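Single-letter residue listing:
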Amino acid sequence: MEPVLWALKTDKVKAALKEEKRLDDRALDAYRDIEVSNEVSKNAEGSARVRLGKTDVIAGVKMILGTPYPDSPGEGTISVGAELHPMAFSEYEFGPPKPDAIEVSRVVDRCIRESKTLNFKDLCIKEGEQIWICFIDLYPLNDDGNLFDAFSIAGLAALIDTKIPKIEDDKIVKGEYSGKLKLARQPLLSTFAKIGNTVVLDPTMVEQKAQDARFSVATTDDNYLCAFQKGGFGGFTGAEIDSCIDIATKASKMVRKKL
Amino acid sequence: MAKKDEKIDYVKNGKRVDGRKVEELRPLTIEVGVIDNADGSAYLEWGQNKVIVAVYGPRELLPKHKQDPRKAIVNFQYRMATFSVPDRKNPRPARREIEISKVCSEALQRAVFAERFPNTVIDVFVQILDSNAGSRAAGLSAASVALADAGIPMRDLVASTGVGKAGGEIILDLNKFEEDAPDAVDIPIAIMPRTEEIVLLQMDGLLTTKEWKKCLELGVKGCKQVYEVQRAALQKKYDAAGAVKGKEKKKEEKAAKKEKVK
């Protein structure tokens, strides 16, 4: 869409927010409808599709054998990648990942990694020699805003679905599994857009276009915070951050029920 | 380095492993105007971190389709020198550097009156020469001084620091040893000190809401300490420049008087 058309639409968003209203009639602290399904791909060790309103994304997990980093010989690891595929939005294009794609994948990575939901020691097969690398790859199918949360829900749902391949003679036996991946907790991102002086949860694309700043907070089911990321050109007050954390803690509980 | 399972007191009798107090920054110095070709520049040392920053602009942004007719774009580029970390760093910008560059650009964009310079770019090149945890805070703090040195109108300086947790203790400006604690939480934060508006905030690690509130309070305090050093550095350069100009003027006046007498 042309920038001028976005400008007209974002004006509407801002005008409505002056009366604390959103164009889709949602409360400021409400998520859109969430639908989670699994079995996107049989070849994946785990997969999930998440619809967050009109935003639609897919996550797939592949468990690959690798060698450990020299500074952590007894630990496996994860790797999160996101490709902003041009099928999902007119502004995306093929090519090496741009800062936006790198940022969202690194924030989802931190949300999962820093929550310590995966015990990296469990992902070690033979100390100093062989480990599991858990690749979590994220693709948007349709981006109507807030890929951060959609990706984080899909990533977690795919991990919950993940089976660990069977190993024989240091090699993976295709199609056979030794068990499920163990998760200690359920970390989820909650992302807010600050538009003027109003902060809204789970922004749509047009709200995202209207936003001055963005803030994501990752919370766990046992009430820890495990990641923050502020983005966008504006700033937040300390009180706004605290309020985001409160809302995220409550809202993410509702999201977990869908998993 | 200590073994991972070994119990370490990160704060003992009010002192940290490197002898600092809980609320104490590592030694911080900033020098303004260190790169002759640049429109503005700064050199910063913060503990073992050493950072040099050059600002070019506002200048025309090319290619033209990247221009914004409403404002200047602040282009903060964070790079680590290959020798600035224990193992040699691949010179190709890593994903980490690209993400840091993005969030720091956005933080500075808030501070700069960008709408005064449409269609331009303000390039901020940040080179890390040596590092020991907290290099993005160092780079960002130095960058805002270099922007001021370039004469770019700003709402305020951007002051940044790290704050977080090691061994259960909430501490300011973690060094690498503290950042490697098994329960470490690292929170880079940047504010515009006059309004305390948060323009950069990241976190990783497990933290309770109560601990976060302590971190925020301590982080804001730390940023304000950085702010004092930033202001003093700018004042030093421009006071010195003023003094030189003053002296030259007096000399000229004296010479003129002599001429008259003759």
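All values reported here derive from a predicted model rather than from experimental measurement. (Residues numbered from 1 in each chain as written. Chains lettered and ligands numbered in written order. Predicted model: local features only at pLDDT ≥ 70, side-chain atom pairs only at ≥ 80, totals over all residues.)

Colleague: How would you summarise the overall build of chain B if you had to cite specific residues and measurements?
Modeller: Within chain B, the regular secondary structure consists of four helices and eleven strands. Viewed in the frame of its principal axes, chain B has a C-alpha envelope of about 85 × 50 × 40 Å. Residues counted as buried form 47% of the 262 residues belonging to chain B. Of the contacts formed within chain B by residues at least 6 apart in sequence, a portion of 71% connects residues at least 24 apart. (Helix = DSSP H or I, 4+ residues; strand = E, 2+ residues; numbered from the N terminus. Buried ≥ 20, exposed ≤ 12 C-beta atoms within 10 Å, placed from the backbone. Contact = placed C-beta atoms within 7 Å.)

Colleague: If you had to explain the overall build of chain A to someone new, which residues and values would you point to?
Modeller: Along the backbone of chain A there are five helices and twelve strands. The globule rule puts the C-alpha radius of gyration for 259 residues at 18 Å, and the 19 Å found for chain A is close to it. Looking at chain A alone, contacts between residues at least 24 apart form 68% of all its contacts between residues at least 6 apart. (Rg over C-alpha atoms; globule rule 2.2 N^0.38 Å.)

Colleague: How would you sum up the interface of chain B and chain A? Please name residues and give values.
Modeller: In many analyses, interface size is given as the accessible surface area lost on bringing the parts together. In this complex, chain B contributes 25 residues to the contact, which on the side of chain A involves 25 residues. Looking at the side of chain B that touches chain A, the elements with two or more residues in it are α1 (95-111), β11 (197-207) and α4 (209-261) of chain B. Top element by residues in the side of chain B that touches chain A is β11(B). It accounts for eleven residues. For the side of chain B that touches chain A, the class distribution of residues is twelve nonpolar, five polar and eight charged. Looking at chain direction, strand β12 (residues 225-231) of chain A and β11(B) are connected through four bridges and run antiparallel. Bridged to A:F228 within β11(B) is B:M203. (Nonpolar A, V, L, I, M, F, W, Y, C, P; charged D, E, K, R; others polar. Pairing = 2+ DSSP bridges.)

Colleague: Can you explain the nonpolar core? Please cite residues and give values.
Modeller: A:F151, A:A154, B:V53, B:L108, B:V124 and B:A146 are the most contacted members of the largest nonpolar core, which has 144 residues in total. A total of ten residues in this core trace back to one element, the largest contributor, which is helix α3 (residues 147-160) of chain A. For B:L108, the contacting residues outside a window of four places in its chain are B:V74, B:F76, B:V124, B:A143, B:S144, B:L147 and B:V158. (Core = buried A, V, L, I, M, F, W, Y, C linked by C-beta atoms within 7 Å.)

Colleague: Give me the lowdown on α3(A), citing residues and values where you can.
Modeller: For α3(A), with 14 residues, the first-to-last C-alpha span of 20 Å sits near the 20 Å given by 1.5 Å per residue. In terms of burial, α3(A) is largely enclosed, as 13 of its 14 residues are buried. (Expected span 1.5 Å × (residues − 1).)

Colleague: If you had to explain the sheet that holds β11(B) to someone new, which residues and values would you point to?
Modeller: Here we have eight strands laid out as an open sheet, ordered β10(A)-β9(A)-β11(A)-β12(A)-β11(B)-β10(B)-β8(B)-β9(B), and antiparallel in their pairing. Sheet topology places β10 (198-201) of chain A together with β9 (169-172) of chain B at the edges, where each strand pairs with a single neighbour. In this sheet, adjacent strand axes meet at a mean angle of 20° when their direction is disregarded. Set on the sheet, helix α2 (residues 135-149) of chain B makes contact with β8 (159-166), β10 (185-192) and β11 of chain B; between it and β8(B) the angle comes to about 165°. (Axes fitted to C-alpha atoms, helices over the stretch in contact; angles between N-to-C directions.)

Colleague: Could you give an account of the sheet that holds strand β7 (residues 120-130) of chain B, with specific residues and numbers?
Modeller: Residues and elements named next belong to chain B. Within the open sheet, the five strands sit side by side as β3-β4-β5-β7-β6. Their pairing is mixed. Whereas interior strands pair on both sides, the edge strands pair on one side only; in this sheet they are β3 (28-32) and β6 (73-80). Adjacent strand axes in the sheet meet at a mean angle of 15°, parallel and antiparallel pairs treated alike. Relative to β7, strand β5 (residues 49-60) runs antiparallel, the two sharing nine bridges. By the bridge assignment, R59 is partnered in β7 with V121. Where α1 meets the sheet, its contacts fall on β6 and β7, and the angle it forms with β6 comes to roughly 145°.

Colleague: Outline the confidence of the model for chain B, supporting the account with residue identities and numerical values.
Modeller: Looking at chain B as a whole, the pLDDT averages 94, with 97% of positions reaching at least 70. ipTM for the predicted complex: 0.91, alongside a pTM of 0.92. (pLDDT = per-residue confidence, 0-100.)

Colleague: So what's going on with the pairing of strand β3 (residues 55-66) of chain A? Residues and values would help.
Modeller: Residue and element names in this part refer to chain A. Bridge analysis of strand β2 (residues 46-52) against β3 gives seven bridges, and the strand direction is antiparallel. Residue pairing in the sheet places R51 in a bridge with D56 of β3. Counting the residues between successive antiparallel strands, the hairpin from β2 to β3 contains two residues, one of them, G53, with a positive phi of roughly 60°. Here β3 pairs with strand β6 (residues 130-142) via eleven bridges, running antiparallel. Across the sheet, G60 pairs through a bridge with D137, a residue of β6.

Colleague: How would you sum up α2(B)? Please name residues and give values.
Modeller: Counted at 1.5 Å a residue, the expected span for α2(B) with its 15 residues is 21 Å, and the 21 Å between its end C-alpha atoms agrees. Phi for B:G151, located one or two positions after α2(B), is positive at around 80°.

Colleague: Summarise the environment of A:R214; cite the residues concerned and give the values.
Modeller: All names here are of chain A. Along the chain, R214 turns up in strand β11 (residues 213-219). R214 sits in the buried class, given 21 other C-beta atoms within 10 Å. Each C-alpha atom, one on R214 and one on K126, is 42 Å from the other, the two residues being 88 residues apart in sequence. Once residues lying within four places of it in the same chain are set aside, the contact partners of R214 are T191, F192, A193, G231 and G232.

Colleague: Break down the packing of α1(B) against α2(B) for me, with residues and values.
Modeller: When two helices pack together, you describe them by how their axes are tilted relative to each other and by the distance separating the axes. Residue and element names in this part refer to chain B. Closest axis-to-axis distance for the α1/α2 pair is 11 Å, and the angle between their directions is 35°. Here α1 and α2 pass one another in a crossing that is right-handed. Residue-level inspection shows I100, C104, A107, L108 and A111 of α1 in contact with α2, the latter providing R136, G139, L140, A143, S144 and L147. Across the contact of α1 with α2, the residue classes break down as eight nonpolar, two polar and one charged. (Left-handed = near helix turned anticlockwise from the far one by under 90°.)

Colleague: Lay out the packing of helix α2 (residues 99-114) of chain A against α1(B) with the relevant residues and their values.
Modeller: Look at α2(A) against α1(B): their axes get within 9 Å of each other, and the N-to-C directions meet at 105°. Viewed along their axes, α2(A) and α1(B) adopt a mutual orientation that is roughly perpendicular. From α2(A), A:P99, A:I102, A:E103 and A:R106 reach across to α1(B), where they touch B:R95, B:I98, B:E99 and B:K102. (Parallel < 35°, antiparallel > 145°, perpendicular 65-115°, else oblique.)

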